[in-house]
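# Geometric and topological summary
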Amino acid sequence: MEGTSDSVMVQNQSVNTALKRKGSKSRRRLSAVEELAKVNELRSSFSNLTGRASLFCSDSCVRRYLQANNWNLKKSQKMLNCTMKWREEYKPEEIKWEEVAKEAETGKIYRGKFCDKQGRPVLVMRPAAQNTKQLKGQIRYLVYCMENAILSLPSDQEQMVWLVDFKGWNLSTVPVKTTRETAHILQDHYPERLAYAILYNPPKIFENFWTIVKPFLDPKTFRKVKFVYAEDAESEKLMNELFDMDELECAFGGRNPLGFDKDDYSKHMQEDDIKTAIHWNIGGIQSMNLTGNSHKALEPCTGIEVHAVSV
């Protein structure tokens, strides 16, 4: 693809250039001892939690909120407190597959059967496969997918990967309002949960949309976004570094012909709902040893003051 390699490099480099222009002042890196002191201080302010709230508010959870807010204790406390209230009202852990199954019919968002080379779960997103019009239902399905991906994390990982397939995408596919609300949910409720996002084959017109979206994103999140193009040498090199090409779906340049199967995925999600209920002790189901990946507490945060934090 003539000129695409240069385009990839320019677009990915422009992310870092834009970040520098954001002008965030350099901060002294905290020592491990100082970080631990911050974690303990913030954790102590939530020491009276019980039940699901206590399970959610782990040391690793507290650390992510601090990292997202550049270790600012006051901002982190406010954000985490907002998350606790949001979880109490929204109850993301109680969303069941049967409630969101219609949203999933076209495979617009699903957890892939493959991971990246670090063992991180992958959420595949296809904006052009949008099949509903109600934002409330779309966001609820997004939350369900995030919670499910988090519970699938191996014990040595806290982040996931997003693969966004732009096949069939146009400016009318996803309204700006939907994009803004999505960014709001992900950044406010799932800080530091994204390892990186691959935007695969975005059309030229996407640049206009990207200009509109950028202000919604925190600089750290912005930095995690990578533009990748089919039949482009730099892109192929990047994908080979990140994924086992025998496992990666063909749609993203891999050699795995299997993609989304609605019935098969539905079966797996119903099984995962049982694991979710066990993890959160929903309906009196007690925690037990499960086969497969280790499972860890879910995380999210919403409704805070309008300032972006990293996903």
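Residues numbered from 1 in each chain as written. Predicted model: local features only at pLDDT ≥ 70, side-chain atom pairs only at ≥ 80, totals over all residues. Heavy atoms only, no water.

## Quick notes on the nonpolar core
Note the following rule: What makes a nonpolar core is a set of buried Ala, Val, Leu, Ile, Met, Phe, Trp, Tyr and Cys residues whose side-chain atoms join them at distances within 4.5 Å. A 1.4 Å probe rolled over the protein chains alone gives each residue an accessible area, and that area as a share of the maximum for its type sets the label: buried under 20%, exposed over 50%, partly exposed in between. For helices the rule is a DSSP run of H or I covering at least 4 residues; for strands it is a run of E covering at least 2, with both sets numbered from the N terminus onward. Every residue pair with non-hydrogen atoms within 4.5 Å of one another is taken to be in contact.
If you look at the biggest cluster of nonpolar residues, it comprises 62 residues, and the most contacted ones within it are Tyr141, Trp162, Leu163, Ile198, Trp210, Met239 and Phe243. In terms of residue count, helix 7 (residues 135-151) provides more of this core than any other element does, nine residues in total. In this view, Phe243 contacts Phe114, Cys115, Asp116, Lys117, Val122, Val161, Leu163, Tyr196 and Leu248; residues no more than four positions away in its chain are not counted.

## Side note on the pattern of salt bridges
Worth spelling out the cut-off: The working definition used for a salt bridge is a side-chain nitrogen of Lys or Arg within 4 Å of a carboxyl oxygen of Asp or Glu.
Within the structure shown, the criterion is met by 18 salt bridges. For Asp272, the salt bridge is made with Arg111, and the minimal N-O distance between the two is 2.6 Å. Of this pair, Asp272 sits in helix 12 (residues 262-280) while Arg111 sits in strand 1 (residues 109-115), placing them 161 residues apart in sequence. The class for Asp272 is buried, based on a relative accessible area of 11%. Close ionic contact of Arg255 with Asp246 constitutes a salt bridge, the shortest N to O distance being 2.8 Å. Judged by its relative accessible area of 55%, Arg255 is exposed. Three or more residues are tied together by salt bridges with common partners; here these are Arg52, Arg87, Glu93, Glu94 and Glu147.

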